[in-house]
Every structure is written in structure tokens, then in C-alpha cells.
Amino acid sequence: MNKVKIDPVVFWSSLGVIVVATLALVIFRDTAEPVLNKMLTGITYNLDWAFQFLTFGLFILLMYLVFSKYGKVRLGDEPPEFSTFSWGAMLFCAGMGTSIMFWSMMEPMYYYMGPPFGYEPNSNQAAEWAVTYGLFHWGISAWSLYALPTVTIAYSFFVKKNHSLKISSACRGILGKHADGWLGKIIDILVIWSLVGGLGTSLGLGVPMVSAVIGEIFGVAQSLTLSIIIIAVWVVIYSASAYVGLYKGIRKLSDWNVYLALGLAVFVLLAGPTLFILSNFTNSFGLMLQNFAFMSFSTDPINQGGFPQSWTVFYWAWFAATAPFIGLFVARISRGRTIRELITHILLWGSVGSWLYFGIFGGYSLNLQLSGALDVLGVMNESGDPAAIVEILKSLPLSFLVLPFFAVLGFIFLATSLDSATYILASITTKELSAGQEPARWNRMLWGMVLAALAISLLLIGGLNVIQTSSVIVSVPVILLYGLLTASLLKWLKEDYPEQMGKGAEK
């Protein structure tokens, strides 16, 4: 098999953009942060309608693909590379990371003290919507943003045989020769920056959370040194996994991750207020289904409370910014699946996993607050969210076992995300990849080191929030990217399958 070669323009340009942008954020952080925050507010308040229509429109388009004749189209001639469980585990872990561990406990509490629709904070109505909005934000809509790029990239790679794991190649159906020109290069560099920014968000949530838990276990005060040690351990884990590759490393790590995550969720369900958690989840799920369309389009233009912009639109922008990365990774592991199978599994694996965590951990946290067993809001306001997570975990039976288990799970969850990220960064900066090929090991390892150096440098100046804000700002041009990906996919499908397809389409 031929040796893989890097794409020098994309490789060096991306590396240069990341280094220069990071240095600029470090040097001009005090002036950059308010400017970026103002831009973010402008995006979420002025483009709320655009993100709402985009997200709901993608869901409708995906349902069309699932139930139309195109649902039978098989992505590649070979059988699937991975078992359904390993495949689902990898796509879920790539998409969620430590974010789901953090927000499943904290987000319902934010909704309880700052509810939607003008409800009174800390009221019964606020409690009813606390878990409901968590289920909505991390459910079908979020995974629709991930699914469309995945389908187009997989079709480009396995059906059209564009042997390049790049977003620019997936847009070739509409861009034509321009996909290989400067426009394609700009698209790929933009995707790399959005990916790095998305990881900044995961690190920004994951490092303080795991640091707080480890500090509690060993009786050590949280410090910069502890956070850097945690990042160093992460580097060792995901570098080792990325080094051995997709088949031996990332797949096995994702399998373990799902087993551990499921085990912890089942323990909390059984050890906690089981009946309340089940009843509250059922009620919240019903509220979400009943109000799905309204929640999807709510912008609150009259009262202008800001809830949809601060939460829903921010989430859609964040997910949209990271969607090209998730799409590239999930597409790479989806050879041999049909379009129908790919879409339904992304939507179901992603949504059910998220609903499980929000239903159980969100319900448990809410019950602690409502029953008076723990003043979660008080801890959040006095000591911060990571400290609140520690107190929530300490309230469980066998907390001396739960805390280290949670810390290990946090390590593995973020390691799987970083695993996937280094693999894709190396893939984007590689010229061509055949179906069985992987990016060069040195390329994967290099990006692992770059991400670690970026995280530590930003941690030193407290700039992780700045980079996650900048990644969301990147979501504005990503809206246009969704248009190119959609047009490209539909054009290819209509060209390749002009007539009603028979059995031959599944071959």
C-alpha cells in the first residue's frame, strides 16, 4: 500500500493559523475576550432564526432520506468494519465527551433557577422544565446537526471514491474543481479551527471537573499544577490509543467508555431515588415531545427573556461548529452501512445515550435540590460548578468508590474525543486515504502534542473560554457549509440514482 502523504498547504496553513491565533489570544486576551463575547451575543440574538430553521430543516431532510428510495443506498461495497456496538460506541463518544457528564448534572439546575417562558425561578413549573430542556438540547436536533455532514462525507468517501477525508472533498458535488483550489483549502482550515475550538470547550469543562473530583479523592487543593498533570495523563492515554490506530485503540477505548458510562448510570438509578428519576424522566420526555416544534422555533421576541438565545441557539451554534469533525470521524467508521442505517443509528445512539444521562443524573440532582438533601444551587453559587458535581457525587452511597470511578470515566470520555480529533486532524492534513488506510502515526502524534500544548498554554492564562467562544463564532460560515454539503449530496444522489431503485442499489 502506498505511503500516505500530507497536504502541505492545509497542514502548514492550519498549524500556522492555530499558533498565530493562540498567541494572539494569549497576548491580547483582555481586549479579545470582550470583543469575542460581543460577537457571540450578536450571533445568538441576530441569527437565532437562522440556526432554528437550519436545525429543524436538517431533521426534516434526514427523515426524507431515511424514508425515500435513497435510504437503501449502501456506503461502499465492503461489509461494515465494526460491530454495531463498537460503531455506536465510537460515534457516541466522539460526539459527547466529558460535556455530557458535566451538563447532565449542571444544566437542569441552571434551568431551575433561570427557567424559560417567564416562569418563576425555583418554582414547580421551573422544576418540570429543568430536565425537559436538557433532553431537548442533547437529543434529536443536536444529532441532526451531526448526521447530515456524516452522510455527505461517507457518500463522498465510499461511493464517489474521493479518497480524501476532507470537508472540501465532500462539497465537490457542488464546488467541482474549486474543491481542490483555494476555496477548498479555506474550508478545510476553517474546519480545523472549529475542531480545535470545540476541543477547547471539552477541555474547559472536563479539566476543572476531573480536577475537582481528584482533589476530593486525594485531599489536594485544586491548582494549576494539578490541571497540567491531568492534561499530561490525558496526552499519554490518547496518544497511546491514537498511535495504535482506529482498530485497536479508539475502538477498544470507546467500548470500555460505554460500559463504564452505562454502569455508572445504572448505579445512580438504583442507588438514588429510583421512582422519582423514572417518573420525572417520563414527565419530562412527554413535555419535550408535546412541545418539540415550539421549542425548536422559540425565539421569545416579545418578552425578550433571552433564554432561547443563551441556551438553544448557543447549543445549535456550538454543535454546528463541531459537526464537520464529528461527520468526518463517523463517516470514516461507517463503511458498508446504508444511508438509512447511518442516519437512524446516529440519531438513536446519540439521543438515547444523552437522554439516559440527563434523565438519571439530571433527575438525581434535581431531587437533591427539591428534597433539601443538598443545596446544589447554593454550592454552585458559592464554590462553582465543579465543586457542586463533587458534592452531588458525595451524596451517593459508596461515594468513596463513586468518585474514583467518575474520575476514570472522565479521563476515558475525553480521551476518546481527543482520540477521534487527532485522527481527523491528521486525516484532513493528508492528501489521500484509501478505504483501509490510516493517517501517518507521526501526523496523529503531532496533533496530539499540539492540542496538549494549546490546552496548557490557554490554561496558564485562563483562556479556554476565549477559544470556545471563537469556535462558536466559526459556526456562522458553517451555516453556508451545510448548504454546500446538502446541495452536493442531493446532486450526487439524483445523478447516481435517477430511476426508482431496485435491489441493485443495495449492492
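Residues numbered from 1 in each chain as written. Predicted model: local features only at pLDDT ≥ 70, side-chain atom pairs only at ≥ 80, totals over all residues. Heavy atoms only, no water.

1. Thoughts on the overall build of the chain
Assigned secondary structure in the chain consists of 22 helices and zero strands. Computed over its C-alpha atoms, the radius of gyration of the chain comes to 22 Å, within 12% of the 23 Å expected for a compact globule of 507 residues. For the C-alpha atoms alone, the extent of the chain along its principal axes is close to 60 × 50 × 45 Å. Here the chain, with 507 residues, has 60% of them falling under the buried criterion. Considering only contacts within the chain whose residues lie at least 6 apart along the sequence, 85% involve residues at least 24 apart. On the chain, roughly 19,200 Å² of surface is accessible, and the fraction owed to carbon and sulfur atoms is 65%. Each charge class in the chain can be summarised by its mean position, and for the 28 positive and 27 negative side chains these summaries are 15 Å apart. (Helix = DSSP H or I, 4+ residues; strand = E, 2+ residues; numbered from the N terminus. Rg over C-alpha atoms; globule rule 2.2 N^0.38 Å. Buried < 20%, exposed > 50% of the residue type's maximum accessible area, 1.4 Å probe, protein only. Contact = heavy atoms within 4.5 Å. Areas by Shrake-Rupley, 256 points an atom, 1.4 Å probe, with all protein chains shown as cover. Lys, Arg positive; Asp, Glu negative; His and termini not counted. Charge placed at Lys NZ, Arg CZ, Asp CG, Glu CD.)

2. Observations regarding the pattern of salt bridges
One pass over the structure, following the stated rule, counts eleven salt bridges. We note a salt bridge from Arg 332 to Glu 81, for which the minimum N-O separation is 3.1 Å. Taken together, the residues Arg 332 in helix H15 (residues 307-332) and Glu 81 in the loop between helix H3 (48-67) and helix H4 (84-96) connect sequence positions 251 residues apart. For the pair Arg 332 and Glu 81, a shared accessibility class is recorded, and that class is buried. (Salt bridge = Lys/Arg side-chain N within 4 Å of Asp/Glu carboxyl O.)

3. Here we look at unusual backbone geometry
Phi angles above zero are rare outside glycine, and Asn 122 is one such case at about 60 degrees. Tracing the sequence through the fold places Asn 122 in the loop between helix H5 (99-113) and helix H6 (124-137). On the accessibility criterion, Asn 122 (41% relative accessible area) is partly exposed. Its identity is not glycine, yet Asp 300 carries a phi of approximately 50 degrees, on the positive side. Locating Asp 300 in the fold gives a position in the loop between helix H14 (292-297) and H15.

4. Some thoughts on the packing of helix H18 (residues 385-394) against helix H19 (residues 399-428)
Closest axis-to-axis distance for the H18/H19 pair is 9 Å, and the angle between their directions is 135 degrees. Between H18 and H19, the angle falls in the class oblique. From H18, Ile 389, Val 390, Leu 393 and Lys 394 reach across to H19, where they touch Ser 399, Val 402, Leu 403 and Phe 406. Counted by class, the contact of H18 with H19 contains six nonpolar, one polar and one charged residues. (Axes fitted to C-alpha atoms, helices over the stretch in contact; angles between N-to-C directions. Parallel < 35°, antiparallel > 145°, perpendicular 65-115°, else oblique. Nonpolar A, V, L, I, M, F, W, Y, C, P; charged D, E, K, R; others polar.)

5. A word on the packing of helix H7 (residues 140-159) against helix H22 (residues 475-496)
Orientation of H7 relative to H22, taken along the N-to-C sense of each, is 45 degrees, at an axis distance of 10 Å. It follows from the interaxial angle that H7 and H22 lie oblique. The handedness of the crossing between H7 and H22 is left-handed. Residues Leu 145, Leu 148, Pro 149, Val 151, Thr 152, Tyr 155 and Ser 156 of H7 touch H22, and the partners they reach there are Tyr 482, Leu 485, Thr 486, Leu 489, Trp 492, Leu 493 and Asp 496. Its residues placed into classes, the contact of H7 with H22 shows ten nonpolar, three polar and one charged. (Left-handed = near helix turned anticlockwise from the far one by under 90°.)

6. A look at the environment of Leu 270
When you line up the elements, Leu 270 lands in helix H12 (residues 246-271). Distance from Leu 270 to Ile 360, taken between C-alpha atoms, is 9.8 Å for residues 90 residues apart in sequence.

7. Considering the packing of aromatic side chains
Per the stated rule, a full pass over the model turns up 45 aromatic pairs. Aromatic side chains Phe 157 and Phe 158 sit 5.0 Å apart centroid to centroid with 80 degrees between the ring planes, which places their arrangement in the edge-to-face category. The buried category is assigned to Phe 157, whose relative accessible area is 3%. On the basis of relative accessibility, which here comes to 3%, the residue Phe 158 falls in the buried class. A cation over an aromatic ring shows up here: Arg 337 above the ring of Trp 87, its NZ or CZ 4.0 Å from the ring centre. (Phe/Tyr/Trp six-rings, centres within 6.5 Å; stacked < 30°, edge-to-face > 60°. Lys NZ or Arg CZ within 6 Å of the ring centre and 35° of its normal.)

8. Notes on a nonpolar patch on the surface
A cluster of nonpolar side chains, contributed by Val 19, Leu 23, Val 26, Ile 27 and Phe 28, occupies part of the molecular surface with about 460 Å² of accessible area. Considering the arrangement of structural elements, one finds Leu 23 in helix H1 (residues 8-27). When its relative accessible area of 48% is taken as the criterion, Leu 23 is described as partly exposed. (Patch = residues over 30% accessible without salt bridge, like charges linked within 9 Å, V, L, I, M, F, W, Y side chains within 5 Å.)

9. Looking at the side chain of Thr 150
Among the structural elements, Thr 150 can be located in helix H7. Separated by 2.7 Å, the side chain of Thr 150 and the backbone oxygen of Tyr 146 make a polar contact. Beyond its immediate sequence surroundings of up to four residues, Thr 150 is in contact with Ile 326, Gly 327, Val 330, Ala 331, Leu 342 and Ile 346. (Polar contact = N/O pair within 3.5 Å; in protein donor to acceptor, adjacent residues only side chain to side chain.)

10. Focus on the environment of Leu 260
Tracing the sequence through the fold places Leu 260 in helix H12. The exposure class assigned to Leu 260 is partly exposed, which follows from its relative accessible area of 24%. With 152 residues separating them in the primary sequence, Leu 260 and Ile 412 have C-alpha atoms 9.3 Å apart. Apart from residues lying up to four places away in sequence, Leu 260 is in contact with Phe 405, Val 408, Leu 409 and Ile 412.

11. Observations regarding H5
Structural remark: α-helix, 3.6 residues per turn; residues separated by three or four positions point the same way. Across its 15 residues, H5 extends 20 Å between first and last C-alpha, which sits within 8% of the 21 Å expected from 1.5 Å per residue. Taking the largest bend as the criterion, H5 deviates by roughly 30 degrees, centred on Met 105, and proline Pro 108 comes between one and four positions later. (Expected span 1.5 Å × (residues − 1). Bend = angle between axes of the 7 residues up to and from the residue.)

12. Observations concerning the confidence of the model for the chain
Mean pLDDT for the chain: 85, with 91% of residues reaching 70 or above. Across the chain, the element-wise mean pLDDT spans from 67 in helix H21 (residues 464-473) up to 97 in helix H13 (residues 274-290). Between residues 500-507, whose pLDDT stays under 50, and residues either more than four places distant or in other chains, the model counts 13 contacts. (pLDDT = per-residue confidence, 0-100.)

13. Structural notes on the environment of Gly 176
Within the secondary structure, Gly 176 sits in the loop between helix H9 (172-175) and helix H10 (182-218). Considering only alpha carbons, one finds Gly 176 and Ser 488, 312 residues apart in sequence, at a separation of 9.6 Å.

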